[in-house]
Structures are given as C-alpha cells and as structure tokens.
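This is what each chain is made of:
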Amino acid sequence: MAAAALFALRGVPRQRFCIIFIFAALALGWYRLYTELYIEPARELAGTSGSVCARVREYSYHDGDYGSVNVRLEQEGLPRINVSVMDYSGTMPELRAGDLVQLELEFVDASKRYGEETDVYAARGVQLRAYFTALGGVSRDWRSALYFPGELMHLMCGSIERNFPDGVRGIMLALLVGETGEVYEDVELDNALSITGVAHVISVSGMHLTFLYSAVAQLAGRRRAAFLGAPLVIVFTFMAGCSSAIVRACVMLLLSMAAPILKREYDAPTSLALALLILLAANPVSIASASLQLSF
C-alpha cells in the first residue's frame with residue numbers, strides 16, 4: 001500500500017509522504033531495537049538475585065525505614081539498564097549521585113504491578129525494580145563527576161532547608177526545585193494548592209526556565225543572555241531530572257534563543273516536535289507516560 005501511494009502521489013504530497021514513511025520506519029525500528037536492548041533483558045533478570053555493580057543516578061531518598069534510589073547496572077555481562085531499588089529495612093545508607101556501588105539485590109519485573117501489566121516504570125526510563133538486601137561497597141571514579149547536576153541539586157536543596165523556616169521551607173523547595181515531598185505531607189497546604197488550581201506551579205516546567213533566562217537577560221543584557229543562559233538552562237534541566245515537561249521547555253527555549261543569533265524565524269510547532277523527537281529517541285516507551293501526553 002505504501003508503494004502504491006508513493007507512485008500515485010506527485011510533487012509536494014509525495015515528498016511529505018516519503019518523509020512520514022521514512023520516519024515511521026525509523027521509529028518502529030528503534031522501538032524494536034530498544035526493546036531488545038533494554039526491555040527483554042530486564043524481564044529475563046526478573047525473579048533472580050545476586051550482587052551487582054551499579055552507578056547511582058541521583059541521591060537516594062529516605063523516609064523513616066523506607067528508602068529508594070535509582071541506579072544503572074554496570075556489571076560486566078549484564079545489560080546497561082536502569083533499576084529502581086527499594087529498601088524497607090532502613091539499612092540502606094545515603095548514596096550520592098555518581099557513586100559506584102556493589103549491591104545485593106532481588107530483582108522484580110517492572111512491567112507488572114499488583115499482578116497487572118503496566119508501563120509506568122518503562123515510561124519513566126526504569127526497566128527493572130529490585131529490593132535492597134545489602135551494600136557491598138561504595139567508590140567514586142572520574143565518571144562520577146559527570147553527575148554534577150545531581151550534586152548541585154542536593155546543594156541547592158540543602159541551602160533552601162537552611163535558610164527558610166519550617167512554615168516556608170516546603171513550599172520553597174517545591175517552587176524552586178520541584179521537591180514536593182514536604183508539600184504533600186502538609187495536608188492543609190496540599191489541599192489549598194489543589195482547591196485554588198495553582199498546584200502546577202510546584203511542578204518544574206517552562207515557568208522555572210523562563211524565570212532563570214529572564215534573570216540572566218536582566219543581569220547580562222539580551223545579547224549575552226543566549227550565550228550565558230543556554231548552559232544554565234541545560235544544567236538546570238538535568239538538575240530537575242529531565243522530565244518530559246522540563247525537556248520540552250528546555251528545547252523550545254534554546255531554539256528561541258538560537259533563532260535570532262542564526263537570523264532565523266522561531267517556529268513553535270517545529271520546536272515542540274523536536275522536543276518530542278528527542279524524548280522519544282531517548283526512550284520510545286515514554287509515549288505511554290500521562291505526563292508527556294499532557295505536556296504536549
């Protein structure tokens with residue numbers, strides 16, 4: 001059918017059809033390759049246990065006896081997949097972004113939750129879940145420095161916690177860096193944000209990047225803002241965890257800064273499409289994420 005349509009069309013319609021057909025073929029091919037490289041090897045590991053070497057992707061989270069951390073396997077002979085590690089014993093220590101750790105884990109299938117099929121974890125870039133058993137050791141190497149955005153986020157959160165009082169700390173963490181844990185614990189504040197319809201302001205998105213770029217523009221001037229603001233916008237995007245909303249805003253803002261420098265007209269639909277292309281190239285399963293769908 002595709003070949004028949006190609007020969008039937010002429011001129012611009014044929015060019016458009018070719019572009020759509022080529023990119024659709026590339027998308028399907030990449031989805032299949034992604035499944036073979038990450039999804040299927042993760043399912044084969046589910047139900048097993050053992051000691052593995054892994055790289056900590058972000059600072060570990062602790063709440064009483066519960067702890068969690070996201071890691072990437074770097075064990076020789078195992079696929080380089082992302083694992084969400086959970087600890088219910090309270091024995092997992094605080095781990096820094098970039099740490100190289102030796103973990104005793106019990107792997108669990110991330111494609112199932114409460115006995116039902118789910119793509120929630122895969123859409124977030126997590127191919128496997130695991131329960132923490134023991135920590136064998138922690139070290140750091142030169143690649144640990146590549147995780148400096150996580151270090152910056154940790155330092156910023158610490159600065160906010162030190163400089164704002166108890167009644168304000170939670171909302172400031174949410175407003176500035178998107179850390180909403182204390183907001184959700186404060187039932188009255190959480191209800192107030194929901195009732196007034198302004199809960200979206202505590203989600204890191206384009207508003208935060210716009211404020212950051214505007215501050216740079218005011219301090220350095222419009223001409224220098226693009227050169228100084230672009231690196232800051234990219235670093236903040238990685239600090240915020242590269243969610244779909246923040247990546248979309250980052251790409252669109254970078255293109256809007258680059259357009260006048262390159263003497264080109266900025267086109268919002270093209271920028272939006274490029275942001276979506278980048279997200280799906282990084283993780284084709286992210287198309288199933290509700291946050292991505294709503295963001296676009």
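Cut-off values and rules
Residues numbered from 1 in each chain as written. Predicted model: local features only at pLDDT ≥ 70, side-chain atom pairs only at ≥ 80, totals over all residues. Heavy atoms only, no water. Helix = DSSP H or I, 4+ residues; strand = E, 2+ residues; numbered from the N terminus. Buried < 20%, exposed > 50% of the residue type's maximum accessible area, 1.4 Å probe, protein only. Contact = heavy atoms within 4.5 Å. Pairing = 2+ DSSP bridges. 1 Å grid on protein atoms, 1.4 Å probe; cavity = no way out; pocket = protein on both sides within 12 Å on 5 of 7 lines; lining within 4 Å. Points joined across faces, edges and corners; volume = space filled by probe spheres on them. Nonpolar A, V, L, I, M, F, W, Y, C, P; charged D, E, K, R; others polar. Phe/Tyr/Trp six-rings, centres within 6.5 Å; stacked < 30°, edge-to-face > 60°.

**Student:** Mind showing me how you'd approach the environment of Pro149 here?
**Tutor:** Counting through the fold element by element, Pro149 comes out in helix H4 (residues 148-163). Looking at Pro149, the relative accessible area reads 10%, which means it is buried. C-alpha separation for the pair Pro149 and Gln75, spaced 74 residues apart in sequence, amounts to 24 Å. Beyond its immediate chain neighbours, meaning those up to four positions away, Pro149 contacts Val235, Phe238 and Met239.

**Student:** What is the right way to look at the pairing of strand E5 (residues 100-109) in this model?
**Tutor:** Put simply, side chains in a regular strand alternate between the two faces of the sheet. When strand E1 (residues 49-56) meets E5, the two strands line up antiparallel, connected through seven bridges. Looking across to E5, one finds that Ala54 is bridged to Val101.

**Student:** Would you mind going over the layout of surface pockets with me for this structure?
**Tutor:** In this approach, a probe sized like a water molecule rolls over the atoms, and the result shows the empty space that is left. A volume near 280 Å³ is recorded for the second largest pocket. Lining the second largest pocket are Phe23, Leu26, Ala27, Trp30, Tyr31, Leu276, Leu277, Leu280, Ala281, Pro284 and Ile287. Where the lining of the second largest pocket is concerned, the elements lending two or more residues are helix H2 (11-45) and helix H11 (268-282). Here the lining of the second largest pocket is built from residues that sort into 11 nonpolar, no polar and no charged.

**Student:** For this particular structure, what's the right way to read the packing of aromatic side chains?
**Tutor:** Where two aromatic rings form a pair, the distance of their centres and the angle of their planes describe that pair. Considering all chains together, one arrives at five aromatic pairs under this definition. Ring centres of Tyr88 and Tyr131 lie 6.4 Å apart, and the angle between their planes is 45°; this geometry places the pair in the tilted category. With Tyr88 in the loop between strand E4 (82-87) and E5 and Tyr131 in strand E8 (residues 128-139), this pair connects stretches of sequence that are 43 residues apart. Tyr131 gets classed as partly exposed once you look at its relative accessible area, which sits at 32%. Ring pairs connect the aromatic residues Tyr61, Tyr66, Tyr88 and Tyr131, which therefore count as one cluster.

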